[in-house]
Amino acid sequence: MQARQKDSLLVASVKDSLGAAVITFALACVMVGLRVDVASGRGAELFLEHRWLAVAVAVLIVFAGRLAMNIFFWKREDPPSLNLSGLMPKGGLGANSSNIIKYGLLGLAVVLPFVLMFWLGARGSRQYIDLAILVLTYVMLGWGLNIVVGLAGLLDLGYVAFYAVGAYSYALLAHYFGFSFWLCLPLAGILAAFWGIILGFPVLRLRGDYLAIVTLAFGEIIRVVLLNWYQFTGGPDGLSGIPRPSFFGLEFSRGEGGFASFFGLDYSSIHRIIFLYYLIFAMALFTNFVTMRLRRMPIGRAWEALREDEIACRALGINTTNTKLTAFALGAMFAGFAGSFFATRQGFISPESFTFLESAIILAIVVLGGLGSQIGVVIAAIVMIGGFEFFREFEEYRMLVFGMIMVVIMVWKPRGLISSRTPSVALSKNAKGISADLVQEGHG
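Residues numbered from 1 in each chain as written. Predicted model: local features only at pLDDT ≥ 70, side-chain atom pairs only at ≥ 80, totals over all residues. Heavy atoms only, no water.

The name given to the protein in an unreviewed UniProt entry is Amino acid/amide ABC transporter membrane protein 2, HAAT family (TC 3.A.1.4.-), with the source organism recorded as Pseudovibrio ascidiaceicola. Entered under Subcellular location (unreviewed entry) in the UniProt record, the comment concerning the protein runs "Cell membrane". (UniProt positions renumbered as here; feature names shortened; annotations may be inferred.)

Here it is in structure tokens:
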């Protein structure tokens, strides 16, 4: 009897695995097996490259993985319990562990440029400091979006639009009026917040998927306008020659009157890179400070009440209109700050830098890190942005790895890497973190 059950289990498992392998083969033939490339030396002629070995490897991996899961877990009558979320402490990280991670990352971020320069030298450390600047930019964007998605529960798929508004605000103000970075920085945040309010008014009555679709459309509208308003924004050609920021009026240039000359240092281009690093580091800390302070204020508790239950929120007398608008405006303001920094760091911007993929990456950082978790956003940004840069050689497989990582993390930790957080209001100072199971995800 047991032998028959084992045989039927094996046959059913093999059939299911073969079906998955056939589906994988059909998809991989087009997505992996065929690649269009440009032939060098043939006048940029296109040719089709076949990669059937990669297709075979993908099919074998799916077949073997599906077969193992069927035999040991899915098809068995008494599958062993495999609680992946149990690999993390129950209820998430404790207060002590969270503080250790927080202050450890903060200390590392403060000394990182000097450690890299001591270890690799000025030339060898430049690419890693650039990578750290990119990670901090996404940390700031993630913290800004965390206000809208994590605290207020409003699903925003067009967050990159405010990022673009901030970048183009600085570039255009500097180009047409000659404003400096320090003058344009607050103006970019104000303009982005203004557009956040403009987006907030039409979507006040929308919730869930409908809200997500409207915000996605708003992001695309901004990108299309930037792409087609050629006389003002430069269209697809973008804007170049964007001024660099100065250190209290000292330019990072060679010769008299520059930063190196004023402090008696030998000129090096790494000085400007380190300055940009500490600039975005300070901006990210400011974003975190404001967010944490607002969470403890009535407006922050109103955001969380809106996320938990909008009907109950209205019954308590909370003005949901103002609550939603403040969430959109503040989240957009921080995106505008980050966009202004992005423009001055790159020196060139174009609409191709603000596609939907950027919004998806920022949203993925917030979700994978844990909705409402500041530390979770930092960890997710380091893993997703910093980790992918080290796999740049496998550029064609990066999105495949990106999707696999998201699936694994969502199965392992459905509420994000850091699923618990300190309560905004507590009766005692020794209050434990709130488990993710007790927090609503929000439906806009």
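Moving on from the model shown.
When helices and strands are tallied, the protein shows 15 helices and 4 strands. When the 444 residues of the protein are sorted by exposure, 43% land in the buried category. Restricting the contact set of the protein to residue pairs at least 6 apart, pairs at least 24 apart contribute 71%. (Helix = DSSP H or I, 4+ residues; strand = E, 2+ residues; numbered from the N terminus. Buried < 20%, exposed > 50% of the residue type's maximum accessible area, 1.4 Å probe, protein only. Contact = heavy atoms within 4.5 Å.)

Once that is clear, we can look at the packing of helix α10 (residues 298–308) against helix α12 (residues 320–346). The geometry of α10 relative to α12 is characterised by a closest axis approach of 10 Å and an angle of 105 degrees between their N-to-C directions. With respect to each other, α10 and α12 are oriented roughly perpendicular. Of the residues in α12, those touching α10 at Ile299, Ala302, Trp303 and Leu306 are Thr320, Thr323, Lys324, Thr326, Ala327 and Leu330. Residues that form the contact of α10 with α12 fall into these classes: 6 nonpolar, 3 polar and 1 charged. (Axes fitted to C-alpha atoms, helices over the stretch in contact; angles between N-to-C directions. Parallel < 35°, antiparallel > 145°, perpendicular 65-115°, else oblique. Nonpolar A, V, L, I, M, F, W, Y, C, P; charged D, E, K, R; others polar.)

Low-pLDDT stretches of the model should not have their predicted coordinates read in fine detail. Model confidence for the protein is summarised by a mean pLDDT of 81, while 84% of its residues fall at 70 or above. Across the protein, the element-wise mean pLDDT spans from 72 in strand β1 (residues 34–39) up to 92 in helix α4 (residues 160–177). (pLDDT = per-residue confidence, 0-100.)

In this model, helix α15 (residues 398–412) (15 residues) spans 21 Å end to end at C-alpha, consistent with the 21 Å of a helix rising 1.5 Å per residue. Within the span of α15, buried status applies to Arg398, Phe402 and Ile409. Summarising the axial view, the buried residues of α15 lie within an arc of 45 degrees, below the 170-degree limit, and thus occupy one face. Opposite its buried face, α15 presents the exposed residues Leu400, Met404, Val407, Val408 and Val411, each directed more than 90 degrees away. Tucked inside the fold, the buried residues of α15 contact α13 (356–369) and α14 (374–389). (Expected span 1.5 Å × (residues − 1). Arc of directions from axis to C-beta.)

Moving on to the packing of aromatic side chains. The geometry of an aromatic ring pair is captured by the separation of the ring centres together with the interplanar angle, meaning the angle of the planes. Enumeration over the complete set of coordinates arrives at 19 aromatic pairs. Arranged with centres 5.7 Å apart and planes meeting at 35 degrees, the rings of Phe162 and Phe218 form a pair that is tilted. One end of the pair, Phe162, is in helix α4; the other, Phe218, is in helix α6 (residues 208–228), with 56 residues separating them in the sequence. Each member of the pair Phe162 and Phe218 is classed as buried. In this structure an aromatic cluster arises from ring pairing among Tyr159, Phe162, Phe194, Trp195 and Phe218. (Phe/Tyr/Trp six-rings, centres within 6.5 Å; stacked < 30°, edge-to-face > 60°.)

The subject of this paragraph is the environment of Ala58. Here Ala58 shows up in helix α2 (residues 52–74). Under the relative-accessibility criterion, Ala58 is labelled partly exposed at 24%. In the structure, Ala58 is positioned 30 residues away from Ala28 in sequence and 7.5 Å away in space, judged by C-alpha atoms.

Quick look at the packing of α4 against helix α5 (residues 181–200) now. Following both chains from N to C, one finds α4 and α5 inclined at 140 degrees, their axes separated by 8 Å at the closest point. With respect to α5, the element α4 is oriented oblique. You can see that α4 and α5 cross each other, and the crossing is right-handed. Along its contact with α4, which presents Phe162, Val165, Gly166, Ser169, Tyr170, Leu173 and Ala174, the element α5 presents Phe181, Cys184, Leu187, Ala188, Leu191, Ala192, Trp195, Gly196 and Leu199. (Left-handed = near helix turned anticlockwise from the far one by under 90°.)

With that settled, consider the pattern of salt bridges. Where charged atoms from two side chains of opposite charge approach closely, those side chains can pair. This structure, assessed with the given rule, holds 5 salt bridges. Put simply, Arg307 and Glu308 hold a salt bridge, and the shortest N to O gap is 3.0 Å. What makes Arg307 buried here is its relative accessible area of 5%. In this structure, Glu310 engages Lys324 in a salt bridge whose closest nitrogen and oxygen atoms are separated by 3.4 Å. Taken as a pair, Glu310 in helix α11 (residues 310–315) and Lys324 in helix α12 lie far apart in primary sequence, 14 residues in all. In this structure, a network of salt bridges that share partners links the residues Glu310, Arg314 and Lys324. (Salt bridge = Lys/Arg side-chain N within 4 Å of Asp/Glu carboxyl O.)

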